[in-house]
Amino acid sequence: MALSSLERILSPRSYHIRSGLTELIERAKAFGLNGTDIDNALEALEHNEFGLALDTILVQLFEYAVTIDEEFVASANELCHSMGISWNEYEFVSELVQK
């Protein structure tokens, strides 16, 4: 049985967070976030450092003023909620949405 299948059974919350972060990282890459920051986020995710992976993506998107969309913001907000992190800490990324 693959690890992701086992994780889905044993820890659905962790699986949900990991899946959401993986998708968020892929979308950040598609928006143009640099490879080093993507690699750092993936490494954090690999070591179950979910908060660090999220922080890396959101802070670096803001640092480099990478344009994102509303769907990305909604996904990040949902992940924060799932992880028990206050969205207030990352609400600044909303400024990156192209109007």
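Note: the structure precedes this text.
Note that the structure is a prediction, hence the values are computed from the model and not measured.

Asker: Would you take a moment to explain the overall build of the protein for this structure?
Answerer: The helix and strand inventory of the protein stands at five helices and zero strands. For the protein, the succession of helices and strands along the chain, N to C, is α-α-α-α-α. Counting all 99 residues of the protein, 36% fall into the buried class. Pairs at least 24 apart in sequence give 66% of the contacts found in the protein among residues at least 6 apart. As presented, the protein carries roughly 5900 Å² of accessible surface, and 51% of it is formed by carbon and sulfur atoms.

Asker: Help me understand the side chain of Q60 in this model?
Answerer: Of note, Q60 is situated in helix α4 (residues 50-63). According to the relative accessible area criterion, Q60 is buried, its value standing at 18%.

Asker: How should I be thinking about the nonpolar core in this particular structure?
Answerer: Side chains that are nonpolar tend, in soluble globular proteins, to be buried together. Counting residues in each nonpolar core, the largest one holds 30 residues, and the members touching the most others are L21, L54, I57, L58, L61, I68 and F72. Of all the secondary-structure elements, those providing two or more residues to this core are α2 (12-31), α3 (35-46), α4 and α5 (70-83). The residues touching I57, leaving out its near neighbours within four places in the chain, are I25, A28, L33, I38, A41 and F72.

Asker: Help me understand the packing of aromatic side chains in this model?
Answerer: The geometry of an aromatic ring pair is captured by two quantities: the separation of the ring centres and the angle between the planes. Inspection of every chain in the model, using the stated rule, returns three aromatic pairs. Measuring from centroid to centroid gives 5.6 Å for F31 and F72, while their planes differ by 80°, and the two rings are edge-to-face. With F31 in helix α2 and F72 in helix α5, this residue pair connects regions lying 41 residues apart in the sequence. Here F31 falls in the partly exposed class, since its relative accessible area comes to 26%. Ring geometry for Y90 and F92: centres 6.1 Å apart, planes at 50°, overall tilted. Given a relative accessible area of 7%, Y90 falls into the buried group. For F92, a relative accessible area of 24% corresponds to the partly exposed category. One aromatic cluster is present, formed by F62, Y90 and F92 through successive ring pairs.

Asker: Looking at this model, I keep getting lost on the pattern of salt bridges. Mind explaining?
Answerer: Oppositely charged side chains are able to pair whenever their charged atoms sit close together. A complete count under the given rule lists one salt bridge for this structure. Measuring nitrogen to oxygen at the nearest pair gives 2.9 Å for the salt bridge that ties R27 to D69. Here the residue R27 occupies a position in helix α2, and D69 occupies one in the loop between α4 and α5, the gap between them amounting to 42 residues.

Thresholds applied
- Residues numbered from 1 in each chain as written.
- Predicted model: local features only at pLDDT ≥ 70, side-chain atom pairs only at ≥ 80, totals over all residues.
- Heavy atoms only, no water.
- Helix = DSSP H or I, 4+ residues; strand = E, 2+ residues; numbered from the N terminus.
- Buried < 20%, exposed > 50% of the residue type's maximum accessible area, 1.4 Å probe, protein only.
- Contact = heavy atoms within 4.5 Å.
- Areas by Shrake-Rupley, 256 points an atom, 1.4 Å probe, with all protein chains shown as cover.
- Core = buried A, V, L, I, M, F, W, Y, C linked by side-chain atoms within 4.5 Å.
- Phe/Tyr/Trp six-rings, centres within 6.5 Å; stacked < 30°, edge-to-face > 60°.
- Salt bridge = Lys/Arg side-chain N within 4 Å of Asp/Glu carboxyl O.

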